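# Inside the fold
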Amino acid sequence: MARYATTPSQTVGPYLHIGLPWPDGPFAVAEGTPEGVWIRGVLYDGAGAPVPDGLIETWQADPEGRFDHPDDPRGAVARPGFRAFGRCPTDANGEYGIFTLKPGPVPGPGGTLQAPHIDVSVFARGMLHRTVTRVYFPEEAAANAADPVLSSVPEPERATLVARPAEDGYRFDIRLQGEDETVFFDV
Amino acid sequence: MSTDPTTRPAPPAYARDAEVHPPLDYPGYRSTALRHPKRGLRLLPHLLTEVTGPLLGEDRISENDSDLTRQHDGEPQGQRIIVHGQVRDGDGRPVPHTLVEIWQANAGGRYRHTGDNWPCPLDPNFSGVGRTLTDDQGRYRFTTIRPGAYPWRNHDNAWRPAHIHFSLFGRAFTQRLVTQMYFPGDPLFFQDPMWNSIPDEKARERLVARFDYANTAPEWALAYEWDIVLRGREATVFEDEVDED
Ligand SMILES: [Fe+2]
């Protein structure tokens, strides 16, 4: 059990762009990888305005549903050229883009299977703590319906977690507030 | 509990610590108004994607990344300081080999950012960006310049207390933390909404470094020590217990 109180979160503030972006940040898989897909979107505020001072980070399984991490009880699996982690600041139009591999399904609790998904952290000026959401995939209707996390979200809001197909991958807009507010999770 | 030798511990869940952090809706920080979800957060169980995370290594670091006073031809202006400490989790375990990233204003309180144009000069010898990995005991160490306070437009005569922005990964998606380190005795805390947004006063104090005379570098640099605690684990759960419900 945890015994020490954690350090509180603070906002990334308006100047995150000097500290956090990496030149290769958007490339969760190496640039030019043939099976790579772009996940692009706009981060919007509650007035529908794009957020130009935000940062999107992604974390996910590989196409076989494996992680390169020792806490996965199935064992760590490294995949050359695949970092599984993406990081992209939003630009002047609120746009971000992550180049990655589509993840495979991942075991869930009690013998269930989670649909392919990507965990997303959203940071921005005006946010005192990150918010967390998940990207699911539109062509995975059956797996999505059986996913223990997605199916716990009421139907009308569920759609905010499903990316839309795009020419070079997927589109996943994030709305921090408002009528079509994205579903966010307490992790 | 089963004695079946095939029973493996399920991935550990992390302790939930929402009460420690500032609320996303905090009217004192005006920019939160349009940038906080209003529907409330849904509980996300800690499954495999949440208990794993990027284990970034030496390839993220280059020379002089941990010494912000040596990143240019000349020395930056200001008070040279060492900022060091240990990264642990809530169970007291050091978090070794984890990436620590910092960014900050220069001695006069100005960021090297196109959006920062308050009338204080940039320092050609200071970028204000650092990176390092913790060692095998979870320790990190930067040499930098003590940042200045800076004004902003949140409220009448608003000033940010001097601070250094910190970004940490830990070893799991759940442990990710971005925060700010402050300096002891700063007279600007009382009017700072970032500081005041943290509900518990004792938790605020955990963002304040300790002046560390013992680790000053004589005739070179003052020192501050700041330990960081990332989320710890819940008690270990075994798979067959999970399967029961
Ligand atoms: Fe700042």
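Conventions used here
Residue numbers here run from 1 along each chain, matching the order of that chain's written sequence. To label them, take the chains in the order written and letter them from A, then take the ligands in the order written and number them from 1. Note on the predicted model: pLDDT of at least 70 is required for a residue's local features to be given, and 80 or more for side-chain atom pairs to be given and counted; whole-chain, interface and lining totals, by contrast, use all residues. Note: side-chain values were computed over all heavy atoms of the structure, leaving out hydrogens and water. UniProt positions are given in the numbering used here, feature names are shortened, and annotations may be inferred rather than shown by experiment. Each aromatic pair joins two rings of Phe, Tyr and Trp (for Trp, the six-membered one) with centres within 6.5 Å, and gets the label stacked for planes under 30 degrees apart, edge-to-face for over 60, and tilted for any other angle. Segments assigned H or I by DSSP are reported as helices when at least four residues long, segments assigned E as strands when at least two residues long, and all are numbered from the N terminus. Burial here depends on accessible area, computed with a 1.4 Å probe over protein chains only, as a share of the maximum for the residue type. Under 20% is buried, over 50% is exposed, and the range in between is partly exposed. Throughout this description, the term salt bridge denotes a Lys or Arg side-chain nitrogen within 4 Å of a carboxyl oxygen of Asp or Glu. Metal coordination here is assigned from N, O and S atoms located within 2.8 Å of the ion, or within 3.2 Å for Na, K and Ca; omission of water means that sites may look incomplete. A site with four donors is called tetrahedral when every donor-metal-donor angle falls between 85 and 135 degrees; four donors are called square planar, and six octahedral, when opposite donors sit more than 155 degrees apart and all other angles fall between 65 and 115; any other arrangement is irregular.

Per an unreviewed UniProt entry, chain B goes by the name Protocatechuate 3,4-dioxygenase subunit beta and belongs to Streptomonospora mangrovi. Under the heading Sequence similarities (unreviewed entry), UniProt records this for chain B: "Belongs to the intradiol ring-cleavage dioxygenase family."

Taking an unreviewed UniProt entry as the reference, chain A is identified by name as Protocatechuate 3,4-dioxygenase subunit alpha belonging to Streptomonospora mangrovi. Here is the UniProt Sequence similarities (unreviewed entry) comment for chain A, exactly as written: "Belongs to the intradiol ring-cleavage dioxygenase family."

## What to know about the packing of aromatic side chains
Summed over the entire model, instances satisfying the criterion amount to 21 aromatic pairs over all chains. Note on Tyr15 of chain A and Tyr111 of chain B: the rings are 4.4 Å apart at their centroids and 35° apart in plane angle, and the pair reads as tilted. On the criterion of chain membership, the pair formed by Tyr15 of chain A in the segment before helix H1 (16-19) and Tyr111 of chain B in the loop between strand E3 (99-104) and strand E4 (129-133) is interchain, its members lying in two chains. With a relative accessible area of 0%, Tyr111 of chain B lands in the buried category. Taking 5.8 Å as the distance between ring centres and 55° as the angle between the ring planes, the aromatic pair formed by Trp22 of chain A and Phe85 of chain A counts as tilted.

## A short note on the pattern of salt bridges
Tallying each qualifying case throughout the model produces 32 salt bridges over all chains. Between Asp24 of chain A and Arg83 of chain A there is a salt bridge, with the nearest N and O atoms lying 3.3 Å from each other. You can see Asp24 of chain A sitting in the loop between H1 and strand E1 (37-44) and its partner Arg83 of chain A sitting in the loop between strand E2 (54-60) and strand E3 (85-89), a full 59 residues away along the chain. Linking Arg93 of chain B and Asp89 of chain B is a salt bridge whose minimum nitrogen-to-oxygen distance equals 3.3 Å. Taking the relative accessible area as the measure of exposure, Arg93 of chain B reaches 41% and is therefore partly exposed.

## Structural notes on the coordination of the iron ion
Reference values for angles at a metal are 109.5 degrees in the four-donor tetrahedral case and 90 or 180 degrees in the six-donor octahedral case. Residues and elements named next belong to chain B. Within the first shell, the iron ion binds the protein through Tyr111 (OH), Tyr150 (OH), His163 (NE2) and His165 (NE2), at distances of 1.9 to 2.3 Å. If you look at the iron ion, its four donor atoms make angles of 91 to 159° with each other, and the shape they trace is irregular. Donor residues for the iron ion sit on one chain with the sequence pattern Y-x38-Y-x12-H-x1-H. One end of the pair, Tyr111, is in the loop between E3 and E4; the other, His165, is in strand E8 (residues 163-168), and 54 residues separate them in sequence. What makes His165 buried here is its relative accessible area of 2%.

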